[in-house]
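Coordinates in review
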Amino acid sequence: MSTEINLNELYNNSIKILSDLISFKTVSGEDNSALINYCEEYLHKLGATSFKTFDGEKKRVNLFATLKAKNSSSKKPIILSGHTDVVPVSKGWSSDPFTATVKGD
């Protein structure tokens, strides 16, 4: 029974995080600091350490975060790496591209 509850919680948390991430309008070349701040705050709550680097205008940000294992002798740290920009929105969307939509299952 507890596994089922944990899986439901994991699913719901995943949908929440993905919905939040999709909602940030991080079009290529534009300011992405709101998304980076969201990620940094979320990761800090999990015990991550991090630092940021900025472009010359301080409007595009990179986040470097590390999650260390609680028992460092048996597990290696996790280092997260990715990019945050998306291509500009083109015509033809049937829904808001910055709003997550769950369809079916």
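Refer to the preceding data block for the structure.
What you see as residue numbers is a count from 1 along each chain, following the sequence as written. Confidence filtering applies because this is a predicted model: local features only for residues at pLDDT of at least 70, side-chain atom pairs given and counted only at 80 or more, and all residues used for totals across whole chains, interfaces and linings. Processing note: side-chain calculations cover all non-hydrogen atoms of the structure and skip hydrogens and water entirely.

Any two of the Phe, Tyr and Trp rings considered here, Trp counted by its six-membered ring, make a pair once their centres fall within 6.5 Å; the pair's planes then place it as stacked at under 30 degrees, edge-to-face at over 60, or tilted in between. For the structure shown, the criterion picks out 3 aromatic pairs. When the centroid spacing of 6.5 Å and the interplanar angle of 20 degrees are considered together, the rings of Tyr-38 and Tyr-42 count as stacked. Separated by 4 residues within a single helix, Tyr-38 and Tyr-42 lie in helix H2 (residues 33-45), roughly one turn from each other. Residue Tyr-38 is classed as partly exposed on the basis of its relative accessible area of 22%. Given a relative accessible area of 35%, Tyr-42 falls into the partly exposed group. Pairing Phe-51 with Phe-64 gives two aromatic rings, centres 4.9 Å apart and planes at 15 degrees, and the pair type is stacked. Here Phe-51 is found in strand E1 (residues 49-54), whereas its partner Phe-64 is found in strand E2 (residues 61-67), with 13 residues between them in sequence. Relative accessibility decides the category of a residue: with a 1.4 Å probe and only protein chains considered, values under 20% of the type maximum give buried, values over 50% give exposed, and everything between is partly exposed. Phe-64 sits in the partly exposed class, given a relative accessible area of 40%. Members of the aromatic cluster, connected to one another through ring pairs, are Phe-24, Tyr-38 and Tyr-42. Strands here mean DSSP runs of E at least two residues long; helices mean DSSP runs of H or I at least four residues long; both are numbered from the N terminus.

Bridge analysis of E1 against E2 gives 6 bridges, and the strand direction is antiparallel. By the bridge assignment for E2, Phe-51 is matched with Phe-64. DSSP-based pairing: two strands are paired if at least 2 bridges between them are found. Linkage of E1 to E2, two consecutive antiparallel strands, is achieved through a turn of 6 residues, within which Lys-58 is found at a positive phi near 60 degrees.

To continue, consider the sheet that holds strand E3 (residues 78-80). If you trace the 3 strands from one edge of the open sheet to the other, you get E1-E2-E3, paired in antiparallel fashion. Each of the sheet's edge strands pairs with one partner strand only, and the pair in question is E1 and E3. Within the sheet, the average angular offset between the axes of one strand and its neighbour, ignoring direction, is 15 degrees. Relative to E3, E2 runs antiparallel, the two being bridged by 3 bridges. Its bridge partner being in E3, Thr-66 is matched across the sheet by Ile-79. Along the sheet face, H2 touches E1, E2 and E3 and points at about 10 degrees away from the line of E2. Working convention: axes come from line fits to C-alpha atoms, limited for helices to the stretch in contact. Angles between N-to-C directions cover 0 to 180 degrees. Contacts were defined at the residue level, with two residues in contact if any of their heavy atoms lie within 4.5 Å.

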